[in-house]
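Structure at a glance
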Amino acid sequence: MVHASPFRGPSGSGGPLSAAALGTGTSSVLDETLEPVYQEVLARNPGELEFHQAVREVLESLGPVVAKHPEYAEAAIIERLCEPERQIIFRVPWTDDSGQVRINRGFRVQFNSALGPFKGGIRFHPSVYLGIIKFLGFEQIFKNALSGMPIGGGKGGSDFNPRGRSNAEVMRFCQSFMTELHRHVGEYTDVPAGDTGVGEREIGYMFGQYKRIANSYESGVLTGKGLGIGGARVRREATGYGTVIFVEEMLKAKGTSLDGRRGVVSGSGNVAIYAIEKAAQLGGTCVACSDSDGIVVDEAGIDLELLKQVKEVERGRLTSYAERRGSARYIEDGRIWEVPCDVALPCATQNELNHADAMALARNGCVVVAEGANMPTTPDGVRVLMDAGVLFAPGKAANAGGVATSALEMQQNASRDSWSFAQSEEKLAEIMRAIHERCADTAAEYGSPGNYVAGANIAGFKQVADAMLALGVI
């Protein structure tokens, strides 16, 4: 059966996505040497639409690379990159508060370890299936390479939905999930972190179960932990902060800055909240954010402390924010991309910003779009933005701050050390500035100056490809 992910978008769009909506229909022509590779991916992975999309997006950038480096084709580097080293699917049985036995499905896709142990988050969401995890794991390969840290790419998750579940139910699920996963992870093998639906609470429950089973306090086996159990400062903020730092670097390259800019941010989880926070620190004002039910528009600027209270403390909905904030209005099923802005940050989920949304952003004078989420812009949306001259930062570059800081957490765990917030934030800023420079320089080297998509794809690919060549055929 072909599985179409039935996620409900952050601005209220619902229903399964078609192949065309995911960009697996009409798109840019691939280099003739890469078309057979893509066709093989389609044949070997039927129905995994998001994975197809992620692979094609990278392959569209690699024509000049394989022409310049025939050794990559001779060693079948791209074919090997598109096939995970290991795919693990397992049953997750647990008991809810009424005593009823529930069954979910768990996944861990260990995609590529040429640069180091597999590294990537765990996602808990009803839309999760193998194709989602493979798309995320494939993206993670290049994101991790761009970070400059010695980590490979992987991803995991489950179709479990933590929303509306009690802490006890979430704990029992996490313990069951880790009971199987523990045999496949380790600080030198695979180091998971959090993702959608998995925060410090879930990571803590999983780490507790791992510690119990392994009879060892191996804090480096998971990242995104609370500070009291080996977590790192700035990890919660890292993805959102890093995305905005990348935006600031893009604008700086054009001789301007975020100061005085008006922004909108989709989502209202960790990434969105801390993107709003960092934008404010750099002089910008975010006037809208969203959740799966609708959007809040606050012309006075999003009240960050109220947003944190509603989302982080109360685990509530944005309707609660609007009820308490006189300057805010709530729009059920509203489209956040129709709110005029200079800077747009999609920070919610995959394929949330489509062709029509991109047209609205361009029409309203948007200057920059940077992906805080993984692949949140559809291929035709990306083309509209780039054709309109909007600066566009793909997620594998713009949101790499999260995994980079996870790698810094691994470093602190290994040395039994703990860095200050200021020290950690400066390291994050250094990494994001280096990623921007690397993407910009690579794009120019391969004849596409200003094209951050090409720069990110090529730079990440070459880092991994060269490591694979050095390791031989394995």
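Residues numbered from 1 in each chain as written. Predicted model: local features only at pLDDT ≥ 70, side-chain atom pairs only at ≥ 80, totals over all residues. Heavy atoms only, no water.

This next bit is on the packing of helix α7 (residues 167-181) against helix α8 (residues 200-214). In the contact formed by α7 and α8, the axes pass within 8 Å of each other and the chain directions differ by 45°. The angle between the axes of α7 and α8 places the two elements in the oblique class. The interaxial crossing formed by α7 with α8 has right-handed handedness. Touching N167, V170, M171, C174, Q175, F177, M178 and T179 of α7 are R201, E202, Y205, M206, Q209, Y210 and I213, all from α8. Residue classes in the contact of α7 with α8 are distributed as nine nonpolar, four polar and two charged. (Axes fitted to C-alpha atoms, helices over the stretch in contact; angles between N-to-C directions. Helix = DSSP H or I, 4+ residues; strand = E, 2+ residues; numbered from the N terminus. Parallel < 35°, antiparallel > 145°, perpendicular 65-115°, else oblique. Left-handed = near helix turned anticlockwise from the far one by under 90°. Contact = heavy atoms within 4.5 Å. Nonpolar A, V, L, I, M, F, W, Y, C, P; charged D, E, K, R; others polar.)

Generally speaking, a soluble globular protein has its nonpolar side chains buried in company with each other. Ranked by size, the top nonpolar core spans 58 residues in total, and within it F246, V247, I276, L307, Y321, L345 and I435 carry the most contacts. The leading source of residues in this core is helix α9 (residues 235-253), at eight residues. Beyond its immediate chain neighbours, meaning those up to four positions away, Y321 contacts V296, D298, G301, I302, D303, L306, L307, V310 and A328. If you look at the next biggest cluster of nonpolar residues, it comprises 42 residues, including Y38, V65, A145 and A467. (Core = buried A, V, L, I, M, F, W, Y, C linked by side-chain atoms within 4.5 Å. Buried < 20%, exposed > 50% of the residue type's maximum accessible area, 1.4 Å probe, protein only.)

Pairing in this open sheet of seven strands is mixed, and the strands run β9-β8-β7-β6-β10-β11-β12 from one edge to the other. Bordering the open sheet on either side are β9 (328-332) and β12 (391-393), each of which pairs with just one other strand. This sheet shows a mean twist of 15° between the axes of neighbouring strands, independent of strand direction. Pairing between strand β11 (residues 368-370) and β12: three bridges, direction parallel. Within β12, the residue paired with V368 across the bridge is L391. (Pairing = 2+ DSSP bridges.)

Let us look at α9. If you check α9, its first and last C-alpha atoms are 27 Å apart, about what 19 residues at 1.5 Å a residue would give, namely 27 Å. In terms of residue burial, α9 counts as a mostly covered element, since 16 of its 19 residues are buried. One or two steps after α9, the chain reaches G255, where phi turns positive at roughly 80°. (Expected span 1.5 Å × (residues − 1).)

By the definition in use, this model includes 30 salt bridges. The salt bridge involving R201 is made with E202; its shortest N-O contact spans 2.8 Å. For the pair formed by R201 and E202, the shared burial category is buried. Each of R163, D291, D293 and R317 takes part in a single network of salt bridges with overlapping partners. (Salt bridge = Lys/Arg side-chain N within 4 Å of Asp/Glu carboxyl O.)

With that settled, consider helix α2 (residues 49-59). Along α2, 10 of the 11 residues are buried, which leaves the element largely enclosed by surrounding structure. Residues of α2 that are buried: L49, E50, F51, H52, Q53, A54, V55, R56, V58 and L59.

Below, the discussion takes up the packing of aromatic side chains. In this structure the tally under the stated criterion is 16 aromatic pairs. Arranged with centres 5.4 Å apart and planes meeting at 75°, the rings of F124 and F177 form a pair that is edge-to-face. Here F124, found in strand β3 (residues 118-124), pairs with F177, found in helix α7; they are 53 residues apart in sequence, far enough to count as distant. A centroid spacing of 6.3 Å and a plane angle of 70° characterise the contact between Y241 and Y274, whose relative ring orientation is edge-to-face. With Y241 in helix α9 and Y274 in helix α10 (residues 270-281), this pair connects stretches of sequence that are 33 residues apart. Accessibility classification places Y241 together with Y274 in one group, the buried group. Taken together, F90, W94, F124, F160, F173 and F177 form an aromatic cluster joined through their ring pairs. Stacked on the ring of Y38, the Lys or Arg R56 has its end atom at 5.0 Å from the ring centre. (Phe/Tyr/Trp six-rings, centres within 6.5 Å; stacked < 30°, edge-to-face > 60°. Lys NZ or Arg CZ within 6 Å of the ring centre and 35° of its normal.)

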